[in-house]
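For reference, the chains in residue letters:
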Amino acid sequence: MVLCFLSRTLQLARHSSRPLGRQLCSASTNKPVLTLFTKKPCPLCDEAKEVLEPYKRRFILQEVDITLPENSAWYEKYKYDIPVFHLNGKFLMKHQVDIQKFEDQLLKLELQNDGNQ
């Protein structure tokens, strides 16, 4: 329902030169960033991404391969714990998706973003 409203509003905003149109367009790209610390292969990471699939329109997924040389600090920190998730740069969960915790934190960030608009 929100997506329909947002799409319809953005469609109207495209034809408007008022600041509201620009605010709505920028708000649609202001999604939380969910960082997944992973490596190849990682069946648990694949499983976690499947669990998060229904939420994919509400966040940007950024994957960090901890085995790459430039990510050696993350490798040392998380080599025994993947998958590990950070939401907007803050640790959120590891080993498996805690869907309730994820939903709570995602909603909290969305409400903060709505309040800042």
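Student: Give a description of the pairing of strand 3 (residues 84–87) that names residues and reports values.
Tutor: Where burial is concerned, the two faces of strand 3 agree: the one with V84 and H86 and the one with F85 and L87 are both buried. One ladder, built from 4 bridges, connects strand 3 with strand 4 (residues 90–94); its direction is antiparallel. Opposite V84, over in strand 4, you have K94 as the bridge partner. Between the end of strand 3 and the start of strand 4, which pair antiparallel, lie 2 residues, with N88 showing a positive phi angle near 50 degrees.

Student: Let's hear about the pattern of salt bridges: which residues, and what values?
Tutor: Counting across every chain of the model gives 5 salt bridges. A salt bridge links E53 to K56, with the shortest nitrogen-to-oxygen separation between them at 2.7 Å. Put simply, K94 and D81 hold a salt bridge, and the shortest N to O gap is 3.8 Å. Of the two residues, K94 is situated in strand 4 and D81 in the loop between helix 4 (72–78) and strand 3; the sequence distance between them amounts to 13 residues. Taking the relative accessible area as the measure of exposure, D81 reaches 17% and is therefore buried.

Student: Help me get a handle on the nonpolar core, residues and values and all.
Tutor: Within the largest apolar cluster, 22 residues are counted, with the highest numbers of intra-cluster contacts made by L34, L52, F59, F85, L92 and F102. Elements supplying a minimum of two residues to this core: strand 1 (33–38), helix 3 (43–52), strand 3, strand 4 and helix 5 (99–115). Here F85 is in contact with L34, T35, L36, A48, L52, K90, F91, L92, M93 and V97, once residues within four sequence places are set aside.

Student: Tell me about the packing of aromatic side chains, and please be specific about residues and values.
Tutor: Across all of its chains, the model carries 5 aromatic pairs by this definition. Taken together, a centroid distance of 5.4 Å and an interplanar angle of 85 degrees make the contact between Y55 and F102 edge-to-face. Pair noted here: Y55 is in the loop between helix 3 and strand 2 (60–65) and F102 is in helix 5, with a separation of 47 residues, a long-range link. Judged on exposure class, the residue Y55 and its partner F102 are both buried. Chaining the aromatic ring pairs together yields one cluster made of F37, W74 and Y78.

Calculation rules
- Residues numbered from 1 in each chain as written.
- Predicted model: local features only at pLDDT ≥ 70, side-chain atom pairs only at ≥ 80, totals over all residues.
- Heavy atoms only, no water.
- Buried < 20%, exposed > 50% of the residue type's maximum accessible area, 1.4 Å probe, protein only.
- Helix = DSSP H or I, 4+ residues; strand = E, 2+ residues; numbered from the N terminus.
- Pairing = 2+ DSSP bridges.
- Salt bridge = Lys/Arg side-chain N within 4 Å of Asp/Glu carboxyl O.
- Core = buried A, V, L, I, M, F, W, Y, C linked by side-chain atoms within 4.5 Å.
- Contact = heavy atoms within 4.5 Å.
- Phe/Tyr/Trp six-rings, centres within 6.5 Å; stacked < 30°, edge-to-face > 60°.

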